[in-house]
Amino acid sequence: MNKTKVFITMLLVLTMSISLIACSEKEEPSNEVVESQAPAKNGVNEEKKEVKEKPTDIVYFTSSAKYKDSYDVIADKVDEALNVAIDVQVVPDEQYTTLLKTKLSTREVPDIFDFNTPTGYMQLNVVENCVELSNEPWVERLVNPGLVIKEGQLYAMPRESSSFFPAMYYNKKIFAELNLEEPTTYDEFLNVLETIKQAGITPIHMADKENWTTQIFMTSGFSAALAPDRNDEVYGALRNNTLKHAEVPEFIGILEKYKNFYDMGYVNEDHMTATYDVSQDAVGSGKAAMMMNGEWVVSSIQNMHPDAEIGAFAVPLETGYIGSGAFVQGMFIPKASENVELAKVVLNTWSQPEYLNIFFEENPSFPAFNDVDPGDVPESVQKIVDQYVATGKTVLQYNNMFEEPSSLRPDYLWKYFVEMAIGEKTPVEALEAWDEDVADFMKTKGYAGW
């Protein structure tokens, strides 16, 4: 494998750095090579039929937040099976979406890229930009095909079968030393935060440099606060332009709770420059007590700090629900790739148990495929599943309930959350600014009622 961890600066983006991935020059495969590499039953060659003089590079584009060490191990094994060099390229998370969208629009693309699915379908205009994959051989092995197949179309090979479970993931040692228990009411939660602060420890570590981490409390909280009766009513009214975000008291209440974390000093002072990796290290090392994220963070923290014990509890809102998400990580193939057929072979091979088991051994979770071993799912994650998913106490998060303006959120809505947190906007002003952006977008796109 020709692995390149590329950390790209925005300067390259601004100068249309589409040639930035020149660290690995592609060689176009001949039809003869592709045919010789076609997988046998179950997607893995029983034997190599020929050895190519020069391996074909498949450029695999991922972000620093999604990248795992096991990618390298899997890529090496796929290299060995197919005799195809895979160049794994890692981009800083805060730049990933912007750069990816630029590449898709200019058709200077990688061969495979990571993105959330199916929430990324609208954001990336996958019908125009990506290869439809519903007839690929790995589809029949999916545990939950309904999660990623929309209107009969499938544009990404998913990794997990489950949505994300937003919660406060915390350092158990800190809770034990302070004689703290997991809160069951919001007042108890505030008391936990104050106790941790008084002990000289940061209660909640926020990574506001990477805006996807900033928005988790809201995207989950908006829907959870509406549950169980008002979700369809409110989101339907937002969609048909008979209601504005700034007119929804539950949304305002969630933003007020979020802003209070900052106002009360419950968040790390360097939140504006902190990254997701910094948050994981802070919680794992005990510099901070907890972080708001998804279930994947448990194994990530423990890979960084093997001795850390990580617990989890959903933020206890009055409704008793959590806003979960209908998305998982997926591997997409751009239509503009020069190696579409070979990329399909790589995905099919990557999906096989002997490869994906490597990932889930390192990052236990809920595989997308029925023959893949999930690994040892952390107790704290299973507890969230048992308490909320198994009992029907989940609703779809905001990002899934109002998908239309999804392409705007990273550059606008999530920025407004940060501006509100640092005192530049009130909660209502943040929502009003978002309402203006949504109105302009929906009018431009010609949605009914706008």
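Residues numbered from 1 in each chain as written. Predicted model: local features only at pLDDT ≥ 70, side-chain atom pairs only at ≥ 80, totals over all residues. Heavy atoms only, no water.

(A) Looking closely at the pairing of strand 5 (residues 167–171). The element strand 5 is largely enclosed, with a buried count of 5 among its 5 residues. Neither face of strand 5 is open: one carries Ala-167, Tyr-169 and Asn-171, the other Met-168 and Tyr-170, and all of them are buried. Of the strand pairs in this sheet, strand 5 and strand 7 (residues 288–293) are connected by 4 bridges, and their pairing is antiparallel. Across the sheet, the residue bridging to Ala-167 is Asn-293, located in strand 7. (Buried < 20%, exposed > 50% of the residue type's maximum accessible area, 1.4 Å probe, protein only. Helix = DSSP H or I, 4+ residues; strand = E, 2+ residues; numbered from the N terminus. Pairing = 2+ DSSP bridges.)

(B) Local environment of the nonpolar core. Among the nonpolar cores identified, the biggest contains 86 residues, and Phe-189, Phe-222, Phe-251, Phe-261 and Met-290 are the most heavily contacted of them. Ranked by residues supplied to this core, first place goes to helix 20 (residues 427–445) with 8 residues. If we skip the residues at most four places from it in the chain, Phe-189 touches Met-168, Pro-183, Ile-204, Phe-261, Met-290, Phe-313, Val-315 and Pro-316. (Core = buried A, V, L, I, M, F, W, Y, C linked by side-chain atoms within 4.5 Å. Contact = heavy atoms within 4.5 Å.)

(C) Just the packing of aromatic side chains, in detail. Across all of its chains, the model carries 31 aromatic pairs by this definition. Centre to centre, the rings of Tyr-235 and Tyr-398 are 6.0 Å apart; their planes meet at 45°, and the pair counts as tilted. In this pair, Tyr-235 is assigned in helix 11 (residues 231–239) and Tyr-398 in helix 18 (residues 398–401), connecting sequence segments 163 residues apart. The same class applies to Tyr-235 and to Tyr-398, which are both buried. Each member of the aromatic cluster is reached from another via a ring pair, and the members are Tyr-170, Phe-175, Tyr-186, Phe-189, Phe-217, Tyr-258, Phe-261, Tyr-262 and Phe-313. Residue placement shows Lys-103 over the ring face of Phe-61; its charged tip is 5.9 Å from the ring centre. (Phe/Tyr/Trp six-rings, centres within 6.5 Å; stacked < 30°, edge-to-face > 60°. Lys NZ or Arg CZ within 6 Å of the ring centre and 35° of its normal.)

(D) Quick peek at the sheet that holds strand 3 (residues 112–117). Spatially, 2-1-3-10-4 is the arrangement adopted by the 5 strands of the open sheet, whose pairing is mixed. Taken across any chain shown, the strands that pair with only one partner, and hence form the sheet edges, are strand 2 (85–91) and strand 4 (157–158). Summarising the sheet, strand 3 and strand 10 (residues 328–332) pair through 5 bridges and their orientation is antiparallel. Within the sheet, the bridge partner assigned to Asp-114 lies in strand 10 and is Met-331. Strand contacts of helix 3 (residues 69–82): strand 1 (57–63), strand 2, strand 3 and strand 10, with the helix running at about 160° to strand 2, the strand carrying the most contacts. In the packing of helix 15 (residues 340–350) onto the sheet, contacts are made with strand 1, strand 2, strand 3, strand 4 and strand 10, and the angle to strand 1 comes to roughly 60°. (Axes fitted to C-alpha atoms, helices over the stretch in contact; angles between N-to-C directions.)

(E) Structural context of the packing of helix 19 (residues 413–421) against helix 20. One way to put it is that helix 19 packs onto helix 20 with a least axis distance of 9 Å and a crossing angle of 160°. Judged by the angle between their axes, helix 19 and helix 20 are roughly antiparallel. In the crossing of helix 19 with helix 20, the sense of the turn from one axis to the other is right-handed. Between helix 19 and helix 20, the residues in contact are Leu-413, Tyr-416 and Met-420 and Pro-427, Ala-430, Ala-433, Trp-434 and Asp-437, respectively. (Parallel < 35°, antiparallel > 145°, perpendicular 65-115°, else oblique. Left-handed = near helix turned anticlockwise from the far one by under 90°.)

(F) Structural context of the environment of Glu-233. By the element assignment, Glu-233 lies in helix 11. Distance from Glu-233 to Leu-243, taken between C-alpha atoms, is 10.0 Å for residues 10 residues apart in sequence.

(G) How the structure looks around the pattern of salt bridges. Applying the stated criterion across every chain yields a total of 12 salt bridges. Arg-159 is the partner of Glu-160 in a salt bridge, and the nearest nitrogen-oxygen pair spans 2.7 Å. An identical accessibility class is assigned to Glu-160 and Arg-159; each is buried. Several salt bridges converge on common partners, so that one network encompasses Glu-136, Glu-341 and Lys-344. (Salt bridge = Lys/Arg side-chain N within 4 Å of Asp/Glu carboxyl O.)

(H) Spotlight on the sheet that holds strand 7. The strand order 6-7-5-8 describes an open sheet built from 4 strands, whose pairing is mixed. Two strands bound the open sheet, and with one partner strand each, they are strand 6 (202–204) and strand 8 (310–313). Here the strands of the sheet are splayed against their neighbours by 25° on average, with no regard to which way each runs. As judged from the 2 bridges shared by strand 6 and strand 7, these two strands associate in the parallel manner. Each residue of the ladder has a partner; that of Thr-202, found in strand 7, is Ala-288. Strands in contact with helix 14 (residues 296–304) are strand 5, strand 7 and strand 8; relative to strand 7, the strand with the most contacts, it is inclined by about 140°.

(I) Highlighting a negative patch on the surface. On the surface, Glu-429, Glu-432, Glu-436 and Asp-440 cluster together to form a negatively charged patch. Positionally, Glu-432 belongs in helix 20. (Patch = residues over 30% accessible without salt bridge, like charges linked within 9 Å, V, L, I, M, F, W, Y side chains within 5 Å. Areas by Shrake-Rupley, 256 points an atom, 1.4 Å probe, with all protein chains shown as cover. Lys, Arg positive; Asp, Glu negative; His and termini not counted. Charge placed at Lys NZ, Arg CZ, Asp CG, Glu CD.)

(J) Expanded view of the side chain of Asp-435. Positionally, Asp-435 belongs in helix 20. Of the buried charged residues, Asp-435 lacks a salt bridge, with Lys-244 as the closest side chain of opposite charge at 5.6 Å. The residues contacting Asp-435, other than those within four sequence positions of it, are Lys-244, His-245 and Ala-246.

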